[in-house]
Amino acid sequence: MRLKEALLRGQGREEFDELDSFLLGTVGGRAPGFPAAGPDALYERAEHRRVAHLLHSRAGREASGGIEVNRRFSRVMFDHNLRTWEEIAGAFADAGIRVAGVKGLFLGALLRRTADQARVTTDLDLLVDGRSLDAAMEVLASLGFVSGLDIKDHAFLRMSSRAIRELEAQQGSYGQVAPMARLLKLPEMDPVAEDIGRWLPGRKLVRTSAGVRSLSVVDLHFDMGHRDASGARHAIPAGELLDSAVTVRHGGTDVRTLDHATMTWLLCYRAYCDIALFGERRLKLFADITDLIRRGGWPSGAVEAAVARYPFIARPIEETLRFLREECAVDPGAWRNPGAWRNPGSRRDPAPPPATPATPATPATVRGTVLVCHGWGSEPGSSPWVGRLSGQLARRGMAVVELAPFAAAGDVPDLSEVAETLRERVEAARKDTGGAPVGLIGVSLGSAAALAAVAGGAAVDFLVTVGTVASADVGVTADGGPRELLARYGGGAGDDERVPFLTGQVRLGFLRDLVACAGGTDLGAVTSPVLVLSGGTDNEWRLRDAATVAAHAEARGDDSARRDFPAGNHTLDNAAVGTASAVLSWLTALGVLG
């Protein structure tokens, strides 16, 4: 089917009209001003066709309110997508998995698009070798991405399981796994929340009692292909596309994507598939292809080589070129390959090397110390993410020391005693390393000790809490928490009498100290930057404590941060890659890693 016929198919608002003709002219670089229908009508159609970014430069009295909302959203997502890519790229590199991106952010990197020029998208399309697919999904799950998009937040519910089933059954979708997503909080969009329903109706944003929410979605492609009417599969393996990947510096971040030539012929092929085969009626790919051709010429040699390797792309590319000439007044033949098909500053990257064992830091090479205080029943070396983080920090000269004061159930020291020990260890580390950065990581009950130590004067440069405990509710079970246990067994009993607690027995004195110490910590006295990490499956008391600590830190206005892993457990041991990556990224941003 011809592309124009596919676009014209349908009735009513789906039929191409004056506004669509105007947008095609905009894609081709024509169409100055606004059509007679007015800026609001033009914006609504442009947003429906997913080319509203082409109107961002139109300002003045004629500018649409929708253009302003769309422009604001593009800026927010530009920054968010860069941060998300950086996080994902680091985790994939640590796991030894090759990855690159197409479309969206990655095309913008090739074309040097600014935030104002970028197309609004909450999606990242990533290419991974089919042999690495399972491992890649595990990494994304570790970063908090959930398969099936079964994410709820107050009134928020988007892309149900039914929608996923439809996607998986869609013609041509065999080369893509069902999307993975995590909840995206958008406080920057809260001031225009009232306008979102009108101007961004199809963007899957929703205003909830907690502000504007969306989904951050990752699509993993192991093939870029299609299934024809007979059911035959035609595939371009992602592993082969990765051989043409380059790295481009964009927005201060290294973005790995396909080179200009590969991106151009691949998008020409995908434009035909999306419209003529899959029935989409948006113009975004034509706008992207036109930009590629104008910036880098038509890669005739690269296209011929690709067609020879993948013959099934010949007709789709031919149809796309015909559409560009006839409907957009863009003639690729007018832009022959002017030379090298690589952006200034881009570089081809080899596959990331496999992770190598870290060399332990010695006193002569230590550039900082991190003390990890584990929680109830945990021992040194028992946490997968602490092990990953230790290896990464050791390569940067940071020594990691693990303490497990609560490992032996029943014989554990009081929380106040552990807090004092941490304060002394921090002071000793500062003397031993000559003033190099010293930080504390507290996990579960260890976080209560770390918070108490810092509030009590431990001079740390940073503090990380995981499964945060800032009250005595750490041990709340069906039998009640420490306060209930004291009320039940305390009475006139002495401190040495033992009672059941969590997985063992403890002294009543331990519970009395826990209530006094954890419940009495002055969070206002914690002035170091704090990173609060929590798992979405943790219980309500610990999630409440995490929110309390994060709120105190946020009120200071420093570099503190909070990160949630929707599928993570209490200690985040089921999110090892993501947790280690989150801590490392935060420490890098703080500047404590040199």
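Anyway, here's the lowdown on the structure attached to this text. (Residues numbered from 1 in each chain as written. Predicted model: local features only at pLDDT ≥ 70, side-chain atom pairs only at ≥ 80, totals over all residues. Heavy atoms only, no water.)

Focus on the overall build of the chain
(1) Moving on: Secondary structure assignment for the chain yields 20 helices and 21 strands.
(2) Moving on: For the chain, the proportion of its 594 residues judged to be buried stands at 55%.
(3) Moving on: If you take every contact in the chain between residues at least 6 apart in sequence, the share linking residues at least 24 apart comes to 75%. (Helix = DSSP H or I, 4+ residues; strand = E, 2+ residues; numbered from the N terminus. Buried < 20%, exposed > 50% of the residue type's maximum accessible area, 1.4 Å probe, protein only. Contact = heavy atoms within 4.5 Å.)

Here's the deal with the pattern of salt bridges
Opposite charge on two side chains makes pairing possible when the charged atoms of those side chains draw close.
(1) Moving on: Under the defined criterion, the tally for this structure stands at 23 salt bridges.
(2) Moving on: Two residues, Glu319 and Arg322, come together in a salt bridge whose shortest N-O distance is 2.9 Å. With Glu319 and Arg322 both in helix 13 (residues 314-328) and three residues apart, the pair spans about one turn of that helix.
(3) Moving on: Note that Arg544 is salt-bridged to Asp545, the shortest N-O span being 3.0 Å.
(4) Moving on: Residues joined in a network through salt bridges with shared partners are Glu420, Arg423, Glu427 and Lys431. (Salt bridge = Lys/Arg side-chain N within 4 Å of Asp/Glu carboxyl O.)

Structural notes on the nonpolar core
(1) Moving on: Grouped together as the largest cluster of nonpolar side chains are 98 residues, with contacts concentrated most on Met189, Ile236 and Trp265.
(2) Moving on: It is helix 4 (residues 65-95) that provides the largest number of residues to this core, a total of 11 residues.
(3) Moving on: Ile236 has contacts with Asp223, Met224, Gly225, Leu241, Trp265, Leu266, Tyr269, Tyr310, Phe312 and Ile313, leaving out every residue within four places of it along the chain. (Core = buried A, V, L, I, M, F, W, Y, C linked by side-chain atoms within 4.5 Å.)

Some points on the pairing of strand 19 (residues 504-507)
(1) Moving on: Pairing of strand 18 (residues 498-501) with strand 19, which is carried by four bridges, proceeds in the antiparallel orientation. Within strand 19, the residue paired with Arg498 across the bridge is Arg507.
(2) Moving on: Remark: two residues form the turn of the hairpin made by strand 18 and strand 19, two consecutive strands paired antiparallel; Leu502 in that turn has positive phi of roughly 55°. (Pairing = 2+ DSSP bridges.)

Thoughts on the side chain of Lys103
(1) Moving on: Here Lys103 lies in the loop between strand 1 (100-102) and helix 5 (104-111).
(2) Moving on: Nearest to the buried, unbridged Lys103 among oppositely charged side chains is Asp125, at 4.2 Å.
(3) Moving on: Dropping the residues within four chain positions of it, Lys103 is found in contact with Asp125, Met263, Leu267 and Leu285. (Lys, Arg positive; Asp, Glu negative; His and termini not counted.)

Brief notes about helix 18 (residues 508-520)
(1) Moving on: Between its terminal C-alpha atoms helix 18 stretches 18 Å, which fits the 18 Å expected from 13 residues at 1.5 Å a residue.
(2) Moving on: Here the buried face of helix 18 lies against helix 15 (415-432), helix 16 (445-455), helix 17 (482-490), strand 18 and strand 19. (Expected span 1.5 Å × (residues − 1).)

Details of the packing of aromatic side chains
(1) Moving on: Throughout the structure, instances matching the rule amount to eight aromatic pairs.
(2) Moving on: Judged by centre distance (6.4 Å) and plane angle (50°), the rings of Trp376 and Phe510 are tilted. Taken together, the residues span a long stretch of sequence, with Trp376 in the loop between strand 14 (369-373) and helix 14 (384-394) and Phe510 in helix 18 at a distance of 134 residues. For the pair Trp376 and Phe510, a shared accessibility class is recorded, and that class is buried.
(3) Moving on: Here the aromatic cluster, defined as three or more aromatic residues joined through ring pairs, consists of Trp265, Tyr269, Tyr310 and Phe312.
(4) Moving on: In this structure, Arg563 packs its charged tip against the face of Phe565, placed 4.2 Å from the ring centre. (Phe/Tyr/Trp six-rings, centres within 6.5 Å; stacked < 30°, edge-to-face > 60°. Lys NZ or Arg CZ within 6 Å of the ring centre and 35° of its normal.)

Examining the pairing of strand 16 (residues 438-443)
(1) Moving on: Among the six residues in strand 16, six count as buried, and that is most of the element.
(2) Moving on: Residues of strand 16 alternate between two faces, with Val438, Leu440 and Gly442 on one and Gly439, Ile441 and Val443 on the opposite face, all of them buried.
(3) Moving on: Note that strand 16 and strand 17 (residues 462-466) share five bridges and pair parallel. Residue pairing across strands places Leu440 opposite Leu463, the latter belonging to strand 17.
(4) Moving on: Note on the crossover from strand 16 through helix 16 to strand 17: the handedness is right-handed. (Right-handed = clockwise from strand over helix to strand, strands pointing away.)

Considering the environment of Val532
(1) Moving on: Looking at the element boundaries, Val532 is found in strand 20 (residues 530-535).
(2) Moving on: The class of Val532 is buried, set by a relative accessible area of 0%.
(3) Moving on: Taking the C-alpha atoms as reference, Val532 lies 5.1 Å from Thr465; in sequence the two are 67 residues apart.
(4) Moving on: Discounting chain neighbours no more than four positions away, the residues touching Val532 are Thr465, Thr468, Ala546, Val549, Ala550, Ala561, Arg562 and Arg563.

What to know about the sheet that holds strand 17
(1) Moving on: Spatially, the six strands line up as an open sheet ordered 15-14-16-17-20-21, and their pairing is parallel. Edge positions in the open sheet fall to strand 15 (399-403) and strand 21 (561-565), since each of these has one partner strand only. Adjacent strand axes in the sheet meet at a mean angle of 15° when their direction is disregarded.
(2) Moving on: Bridging between strand 14 and strand 16 involves five bridges; their strand directions are parallel. Bridge pairing in strand 16 links Thr369 to Val438.
(3) Moving on: The sheet contacts of helix 15 involve strand 14, strand 15 and strand 16, and relative to strand 14 the element is tilted by about 165°.
(4) Moving on: Contacts from helix 16 reach strand 14, strand 16 and strand 17, with the element oriented near 145° to strand 16. (Axes fitted to C-alpha atoms, helices over the stretch in contact; angles between N-to-C directions.)

Brief notes about unusual backbone geometry
Excluding glycine, residues mostly have negative phi values, and the peptide bonds linking residues are mostly trans.
(1) Moving on: For Arg112, which is not glycine, the phi torsion reads 60° and is therefore positive.
(2) Moving on: By relative accessible area, which is 35% here, Arg112 ends up partly exposed.
(3) Moving on: Not every positive phi belongs to a glycine, and Leu572 is a case in point at roughly 60°.
(4) Moving on: When you line up the elements, Leu572 lands in the loop between strand 21 and helix 20 (576-590).

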